[in-house]
Amino acid sequence: MNGRLIASWSVVALCGIYFLAPLIATFEFSLRLLRGHYSFEAYRLVFASGDFQSAFLFSAIIGVVTIIVGALIVTPTAYWVQLRLPALRGIVEYITLLPLVVPAIVLVFGYIKLYGSNSILPLTATPFGSDILLMLGYVALGLPYLYRAIDAGMRSIDVKTLSEAAQIQGAGFPTILFRIIIPNIRSSILSGAFLTFAIVIGEFTLASLLDRPAFGPYLQLVGASRAYEPAALAVVAFLITWGCMGIIQWLGNSGSNFSAKR
Amino acid sequence: MSFLSASGIQKHFGAHVAVKRFDLEVEKGEFVTFLGPSGCGKTTMLRMIAGFETPTRGTIKIAGKDVTDLPPNKRNIGMVFQSYALFPNLTVAGNIGFGLRIAGRPPQEIKKRVGEMLDMVKLPQYAERYPAQLSGGQQQRISLARALAPNPQILLLDEPLSALDARIRASLREEIRALQLELKITTIFVTHDQEEALSMSDRVVVMRDGEVEQIGAPKEIYNRPRTRFVASFVGTLNHLRARIVDPARGAVEIEGYPAFTKSPLDGAGVGDIQAMALRPESLQVTNADGSANVFKGVVEDAAFHGAVVRVKLRLKDTLLLVDVFNTGEGAAPQRGQTLSVTFRAEDLIALQGD
């Protein structure tokens, strides 16, 4: 028994070292900007940089818009699949999984080909058009996570009976969706939203090839020209991702339902 | 003219026929129960009245208006669901006032009406609680209040008591009936529990395999079941095979014993075999022997049920259930004892069909 326990803990420790050692080393390196002693100078420089602020702000705005558009597409879809079209569940799930098997590079070349300046809908011809294309690309990339989170939320409540109870009280489809269904799967939507946000913040391929000033390409640019700031940025990016994961975890534990502990 | 009318209703789900034919006229203020086993079409019929399903054939009218193709949110119907279906994100007050807010009523009116409804279901102090903080019985009361708050023209109850424990079920059953009588609201109740159906309803519609077997007052359904199915579904019953002796006089022979029905057995011929039924409580222990409407047998079992002792009396080929009232006097029938039982001619029921 003791031997087994030691073996189990050894595996956990090895995995921990594998994941944590590079992070710790990166963090340690990020503190060495000033010779002879540790400091947060690299972080100060990063946060003080106008490029960092604008890139992060750009990605954050795109992330929020991506979440709103994604939720507006996915929530009614998952609702109708759950309520009226359960036979289509397999097809819809397959479609939502496609972004996992189609690489982002393929997706973006497709976009450029379809929406290039010579096409019928030349979205890439203007910065705003490219932003829209980037956002729609992120909606596609976030689809597997957003759909699964929302679908799981739909399955956790009795969508059919709640919809019928609202309908018999006089409610139409928008009222049912926005006043009954969405508030009851709020934590699931937020889980999907934070996952999507984490993806958008660090994404490089779409933003780079569409030539948008996002956080991913900024990370790459800084990494190619500086020594300590990229390490600080990597740590910051990790903290953002972990923050999102932590919020998802917290939502999952505390806010999933209107439970008796209120 | 009836208040709710369903005529020639059929409902097909692909190849499956859920309702074969259904015709019903319900008067204003009447409490009608759809009773039957699982899959008999009672819930499908209720859902068609609610508007959640559209009949394949036939028409549904409410207050003279054809609502067959009207969506549920345009029918002004209140419904209580088996699973309560309270909105978890809204408080009790929010749930009760939901329909009124949808109807665009002023906040003051909503608040007043919510208060009235809470008083009506005797839960005035629960307005700010969430459904998850209530017991099953309380949730169902709130569900009833929510259904009634917008003053619906019809109240539909879809097995509202089946998720509750026996004690709460009994008290809520009485409360629902009392409320219905007070509000005089036309009510359709769906259940598979015959006790609920008999104790609450003005009329009972017994359904089987998508068809109506019998419609009648509870007493009529219980005492005069038309078919073997109705007889066996409502209450406990002894099924008997009777040989017709004299149809004009209602004379038959059951297990070699002479017996009489109250009415002539129209359409039956001498020597025909007729399905008959007797309720266990309509049999009484007697000392009489050899006269009509008396069976003699051996006690196989006697089980004490409190108010009654249920005796299993073996005739030749039939095991007869007899409920002997526990008066506290005299010895209860014992196993192996020979016992004679008698019954009134009007209690011997001739059954139609299967």
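In this text the structure is predicted, and so the values were computed from the model without any measurement.

K.L.:
In this structure, what is going on with the overall build of chain A? I would like to understand it.
P.N.:
Secondary structure assignment for chain A yields twelve helices and zero strands. Each helix and strand of chain A, placed in order from N terminus to C terminus, yields the pattern α-α-α-α-α-α-α-α-α-α-α-α. Overall, chain A is about 75 × 70 × 35 Å in size when its C-alpha atoms are taken along their principal axes. Classification of the 262 residues of chain A by burial places 35% in the buried group. Put simply, 74% of the contacts in chain A that link residues at least 6 apart link residues at least 24 apart.

K.L.:
Would you mind showing me how to read the sheet that holds strand β16 (residues 294–304) of chain B here?
P.N.:
Each strand in a sheet pairs with its neighbour through backbone hydrogen bonds, running either in the same direction (parallel) or in the opposite one (antiparallel). Residues and elements named next belong to chain B. An order of β15-β19-β16-β17-β18 is seen for the five strands of this open sheet, with the pairing classed as antiparallel. Of all strands in the sheet, those bounded by a partner on one side alone are β15 (284–286) and β18 (319–325). Across the sheet, the axes of successive neighbouring strands diverge by a mean angle of 50°, strand direction being ignored. Pairing of β16 with strand β17 (residues 308–314) involves six bridges; the strand directions are antiparallel. In the strand pairing of β17, Ala302 is matched with Val311.

K.L.:
Is there a simple way to explain the packing of helix α7 (residues 159–168) of chain A against helix α8 (residues 173–184) of chain A in this structure?
P.N.:
If you want to describe how two helices pack, look at the angle between their axes and the distance between the axes. All names here are of chain A. Across the interface, α7 lies against α8 with an axial gap of 10 Å and an inter-helix angle of 125°. Considered as vectors, α7 and α8 are oriented oblique to each other. For the crossing formed where α7 meets α8, the hand is right-handed. In this structure, α7 contributes Val159, Leu162, Ser163, Ala166 and Gln167 to the contact, and α8 contributes Thr175, Ile176, Ile180 and Ile181. Counted by class, the contact of α7 with α8 contains six nonpolar, three polar and no charged residues.

K.L.:
What is the right way to read α8(A) from this model?
P.N.:
In this model, α8(A) (twelve residues) spans 15 Å end to end at C-alpha, consistent with the 16 Å of a helix rising 1.5 Å per residue. Buried residues in α8(A) make contact with α3 (50–83) and α7 of chain A.

K.L.:
I tried to follow unusual backbone geometry on my own but got confused; where do I start?
P.N.:
Comment: phi is negative for the bulk of residues other than glycine, and the bulk of peptide bonds are trans. Residue and element names in this part refer to chain B. Positive phi is not limited to glycine here, since Asn151 has a value of about 55°. Its location among the elements puts Asn151 in the loop between α4 (136–148) and β7 (154–158). Among the residues examined, Asn151 registers 13 C-beta atoms within 10 Å and is labelled partly exposed.

The rules behind the values
- Residues numbered from 1 in each chain as written.
- Chains lettered and ligands numbered in written order.
- Predicted model: local features only at pLDDT ≥ 70, side-chain atom pairs only at ≥ 80, totals over all residues.
- Helix = DSSP H or I, 4+ residues; strand = E, 2+ residues; numbered from the N terminus.
- Buried ≥ 20, exposed ≤ 12 C-beta atoms within 10 Å, placed from the backbone.
- Contact = placed C-beta atoms within 7 Å.
- Pairing = 2+ DSSP bridges.
- Axes fitted to C-alpha atoms, helices over the stretch in contact; angles between N-to-C directions.
- Parallel < 35°, antiparallel > 145°, perpendicular 65-115°, else oblique.
- Left-handed = near helix turned anticlockwise from the far one by under 90°.
- Nonpolar A, V, L, I, M, F, W, Y, C, P; charged D, E, K, R; others polar.
- Expected span 1.5 Å × (residues − 1).

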